[in-house]
Amino acid sequence: MQQKSIKAVLVVVSVLLVCNVSMFAQVSQTPASQSVPGAGAPSNNISDKDIEMLRADLRAQRKQIMALNMTLTADEATKFWPIFDQYRREAIKTQ
């Protein structure tokens, strides 16, 4: 039973990682006429702080979604969440 739940957790984590990677891998291309400054197009002044806030929000949402969809006992949860948090911290370091 525990092996099935571990496999399910790994599948969920893998799917979330694939979704996360594919979402950030998309690159928008702007036409040459819009790339000229002052051409009437509004500029996107997105700072590194804005991006970091968005990433923190996405991480919190990921954890909430996982918590809602996993049926862990209290004992399983006390073992799982610290490991999950450590995994996410290590994944963030590689970005």
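Residues numbered from 1 in each chain as written. Predicted model: local features only at pLDDT ≥ 70, side-chain atom pairs only at ≥ 80, totals over all residues. Heavy atoms only, no water.

1. What about the overall build of the chain?
Heads up, the rule is: Only DSSP runs of H or I with at least four residues qualify as helices, and only runs of E with at least two residues qualify as strands; both kinds are numbered from the N terminus onward. Relative accessibility thresholds used throughout: buried, under 20% of the residue-type maximum; exposed, over 50%; partly exposed, between the two (1.4 Å probe, protein chains only). Contacts are assigned to residue pairs with any non-hydrogen atoms lying within 4.5 Å of each other. Using a 1.4 Å probe, the Shrake-Rupley method yields the accessible areas, and only the shown protein chains count as cover for residues.
A tally of regular secondary structure across the chain gives 4 helices and 0 strands. Listing each helix as α and each strand as β along the chain from the N terminus yields α-α-α-α. Within the chain, the fraction of its 95 residues that count as buried is 12%. Taking contacts inside the chain between residues at least 6 apart in sequence as the whole, the part at least 24 apart equals 59%. Accessible surface computed for the chain: about 8000 Å², of which carbon and sulfur atoms make up 60%.

2. What to know about the nonpolar core
Rule in force here: To define a nonpolar core, start from buried Ala, Val, Leu, Ile, Met, Phe, Trp, Tyr and Cys residues and group those joined through side-chain atoms within 4.5 Å.
Met66, Met70, Phe80, Trp81 and Phe84 together form the largest nonpolar core, which totals 5 residues. Top element by residues in this core is helix H4 (residues 74-93). It accounts for 3 residues.

3. Section: the packing of aromatic side chains
Let me state the cut-off plainly: Centre distance within 6.5 Å is the pairing criterion for rings of Phe, Tyr and Trp, where only the six-membered ring of Trp is used; planes under 30 degrees apart are then read as stacked, over 60 as edge-to-face, and the remainder as tilted.
Taken as a whole and judged by the stated rule, the model has 3 aromatic pairs. Centre to centre, the rings of Phe80 and Trp81 are 4.8 Å apart; their planes meet at 75°, and the pair counts as edge-to-face. Seen from their ring centres, Trp81 and Phe84 are 5.4 Å apart, and the 85° between their planes marks the pair as edge-to-face. Residue Trp81 and its partner Phe84 are located together in helix H4, separated by 3 residues, close to a single helical turn. When its relative accessible area of 5% is taken as the criterion, Phe84 is described as buried.

4. Let's talk about the environment of Trp81
Classification of Trp81 by relative accessible area gives buried; the value is 17%. Sequence separation of Trp81 and Lys63 is 18 residues, and the distance between their C-alpha atoms is 9.3 Å.

5. A short note on the pattern of salt bridges
Heads up, the condition is: We define a salt bridge as a side-chain nitrogen of Lys or Arg found within 4 Å of a carboxyl oxygen belonging to Asp or Glu.
One pass over the structure, following the stated rule, counts 3 salt bridges. Ionic pairing is found between Glu52 and Arg59, a salt bridge with its closest N-O pair at 3.4 Å.

6. A short note on the packing of helix H3 (residues 48-69) against H4
Inclusion rule: Angles here are taken between N-to-C directions and fall from 0 to 180 degrees, while the axes themselves are lines fitted to C-alpha atoms, restricted in helices to the stretch in contact. Orientation is classified from the angle alone, with under 35 degrees giving roughly parallel, over 145 giving roughly antiparallel, 65 to 115 giving roughly perpendicular, and any other angle giving oblique. For any pair of crossing helices, the crossing counts as left-handed if the nearer helix is rotated counterclockwise from the farther one by less than a right angle, and right-handed if it is rotated clockwise.
Where H3 meets H4, the closest approach of the two axes is 13 Å, and the angle between their N-to-C directions is 150°. Taken together, the axes of H3 and H4 are roughly antiparallel relative to one another. Seen along the crossing, H3 lies across H4 with a hand that is right-handed. Facing Arg59, Arg62, Lys63, Met66 and Ala67 of H3, the residues of H4 in contact are Phe80, Trp81, Phe84, Asp85, Arg88 and Ile92.

7. Section: the confidence of the model for the chain
Put simply, the test is: pLDDT expresses how confident the predictor is about each individual residue, on a scale running from 0 to 100.
Summarising the model, the chain shows a mean pLDDT of 76, and 56% of its residues fall at 70 or more. Per-residue pLDDT, averaged within each element of the chain, yields its smallest value for helix H2 (residues 32-35) (51) and its largest for H3 (92).

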